[in-house]
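Spelled out, the chains give:
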Amino acid sequence: MSCNVMVIGANRGLGFALTKRMINTTPCNIIAGVRDPSKARESMTASLGSGMDRIMMLPIDVTNEETIEKAANVASSSLGSEPLRLLLHCPGILHAEKSIKQCHYEDVLETYKVNAMGPLFVAKHFYSLVAGGQPTKGLPDVGVFATISARTGSIADNELGGWYSYRSSKAALNQSIRSLAHELKYRKMDSIAVALHPGTVKTDLSREFQKNVKPEKLFSPDQSAGYLLEVIEKLKHADNGGFFAYDGNRIPY
Ligand SMILES: NC(=O)c1ccc[n+]([C@@H]2O[C@H](COP(=O)([O-])OP(=O)(O)OC[C@H]3O[C@@H](n4cnc5c(N)ncnc54)[C@H](OP(=O)(O)O)[C@@H]3O)[C@@H](O)[C@H]2O)c1
């Protein structure tokens, strides 16, 4: 019996760091969902080397349901009767409006499509593939559907304003995670759904804002991936529907 996990947005940023770390710390095979598999294979091979042998690449654009459904069908045939122990949904984009006047229709729409609708439709086609299993190094026993959200998506925590499209798209994602958590429970699935905040991480997405962050609060992608995988490893059924920061603390919705 092999162990299988999936990372969507595995080619760069946090998704890549999570993939790399799981190659090094777990015995699992990884299904990597990326927009451009051949480009991703090239860039990932440089640092993963023979680790690539444990990666199966599938094309997914999270704004295109057909690609999500196709990937779920291929993943399902390849898994056979085995589950995905963990699905980590990472894609996200940021248009950082300081004022409502800076909200541009197409940018806001794209942000909602990637950040809010993307994980919703990935959940629709993949939730039934996620389930727990035997104790495995680096993984919890329960199956986990995890999305990378952001503290800025917390309505309770919004003391600064701005970032209209990003904040509201992540709030919508969080709400979908809550509903999915209820559905997983009603369906008596051996899986939970959680939203995760990775901290502020040195990636392309945060490039413009890194200078405003205290050095000790600005994480490398590897550092954040390590923190998040520690949080994930400790998850239990009782954590279903939770919103967790990189340090394991709960964030209010
Ligand atoms: N960096 C931070 O400080 C920070 C803080 C809080 C939360 N987050 C969240 O963490 C997650 C990862 O962000 P990151 O910092 O790693 O950003 P990043 O380095 O910019 O990477 C973004 C990833 O999303 C993928 N992506 C974008 N649109 C997509 C689409 N339509 N379909 C499939 N994949 C798509 C990109 O793939 P391509 O290469 O094909 O574009 C890339 O793999 C995001 O959800 C972000 O909101 C980040």
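Provided above is the structure to which this section pertains.
The model shown is predicted, which means the values in this text are computed figures rather than measured ones.

Here we take up the overall build of the protein. Secondary structure summary: the protein contains 6 helices and 9 strands in total. Rg of the C-alpha trace for the protein: 17 Å, near the compact-globule value of 18 Å for 253 residues, within the 12% margin. For the protein, the spread of C-alpha atoms along the principal axes amounts to about 55 × 45 × 40 Å. Within the protein, the proportion of its 253 residues that are buried is 49%.

Turning to the packing of aromatic side chains, a few remarks are in order. Scanning the entire structure with this criterion turns up 6 aromatic pairs. With 5.8 Å between their ring centres and 80° between their planes, W163 and Y166 make a pair best called edge-to-face. W163 gets classed as partly exposed once you look at its relative accessible area, which sits at 24%. In this structure Y166 comes out as buried when scored by relative accessible area, which is 8%. Taking 4.8 Å as the distance between ring centres and 80° as the angle between the ring planes, the aromatic pair formed by F219 and Y246 counts as edge-to-face.

Our next topic: the side chain of S224. Summarising the element assignment, S224 is placed in helix 6 (residues 221-233). The contact partners of S224, leaving out residues within four places of it in the chain, are L14, P198, V201 and F219.

Close to the ligand lie 27 residues; N11, R12, R35, Y166 and T203 are nearest. Here an oxygen atom of the ligand sits 2.7 Å away from a polar atom, N or O, in the side chain of N11. C90 has a polar backbone atom sitting 2.8 Å from an oxygen atom of the ligand. Coverage of the ligand by the protein amounts to 92% of the 900 Å² it exposes when considered alone. Listing elements by their share of the shell around the ligand, those giving two or more residues are helix 1 (13-25), helix 5 (164-186) and strand 7 (200-201).

A few words on the pattern of salt bridges. Per the counting criterion, the structure on display carries 7 salt bridges. A salt bridge links R12 to D204; the shortest N-O distance between them is 3.0 Å. One end of the pair, R12, is in the loop between strand 1 (4-8) and helix 1; the other, D204, is in the loop between strand 7 and strand 8 (218-219), and 192 residues separate them in sequence. Residue R12 is classed as exposed on the basis of its relative accessible area of 51%. Owing to a relative accessible area of 46%, D204 belongs among the partly exposed residues under this scheme. For E65, the salt bridge goes to K124, with nearest N and O atoms at 2.7 Å. Residue E65 is located in helix 3 (residues 65-79), and its partner K124 is located in helix 4 (residues 105-126); the two are separated by 59 residues in the primary sequence.

As a further point, take the packing of helix 1 against helix 6. Between helix 1 and helix 6, the shortest axis-to-axis distance is 8 Å and the interhelical angle comes to 65°. As helix 1 packs across helix 6, the resulting crossing turns out to be right-handed. Between helix 1 and helix 6, the residues in contact are G13, L14, A17, L18, K20, R21 and M22 and P221, D222, S224, A225, G226, L228 and L229, respectively. Looking at side-chain class alone, the contact of helix 1 with helix 6 contains 8 nonpolar, 3 polar and 3 charged residues.

What follows is about the state of the cysteines. Taken as a whole and judged by the stated rule, the model has 1 disulfide. In this model C3 forms its disulfide with C28; the gap between the sulfur atoms is 2.1 Å. Linking C3 and C28, the disulfide has an S-S dihedral of approximately 65° and is accordingly described as right-handed. Of this pair, C3 sits in the segment before strand 1 while C28 sits in the loop between helix 1 and strand 2 (29-34), and the two are 25 residues apart along the sequence. Given the relative accessible area of 9%, C3 is considered buried.

This brings us to the environment of L205. Structurally, L205 is set in the loop between strand 7 and strand 8. A residue is classified by how much of its surface remains accessible, and L205, at 34% relative accessible area, is partly exposed. In this structure the C-alpha to C-alpha distance between L205 and G92, which are 113 residues apart in sequence, comes to 8.2 Å.

Rules and cut-offs
- Residues numbered from 1 in each chain as written.
- Predicted model: local features only at pLDDT ≥ 70, side-chain atom pairs only at ≥ 80, totals over all residues.
- Heavy atoms only, no water.
- Helix = DSSP H or I, 4+ residues; strand = E, 2+ residues; numbered from the N terminus.
- Rg over C-alpha atoms; globule rule 2.2 N^0.38 Å.
- Buried < 20%, exposed > 50% of the residue type's maximum accessible area, 1.4 Å probe, protein only.
- Phe/Tyr/Trp six-rings, centres within 6.5 Å; stacked < 30°, edge-to-face > 60°.
- Contact = heavy atoms within 4.5 Å.
- Near = heavy atom within 4 Å.
- Polar contact = N/O pair within 3.5 Å; in protein donor to acceptor, adjacent residues only side chain to side chain.
- Areas by Shrake-Rupley, 256 points an atom, 1.4 Å probe, with all protein chains shown as cover.
- Salt bridge = Lys/Arg side-chain N within 4 Å of Asp/Glu carboxyl O.
- Axes fitted to C-alpha atoms, helices over the stretch in contact; angles between N-to-C directions.
- Left-handed = near helix turned anticlockwise from the far one by under 90°.
- Nonpolar A, V, L, I, M, F, W, Y, C, P; charged D, E, K, R; others polar.
- Disulfide = S-S within 2.5 Å.

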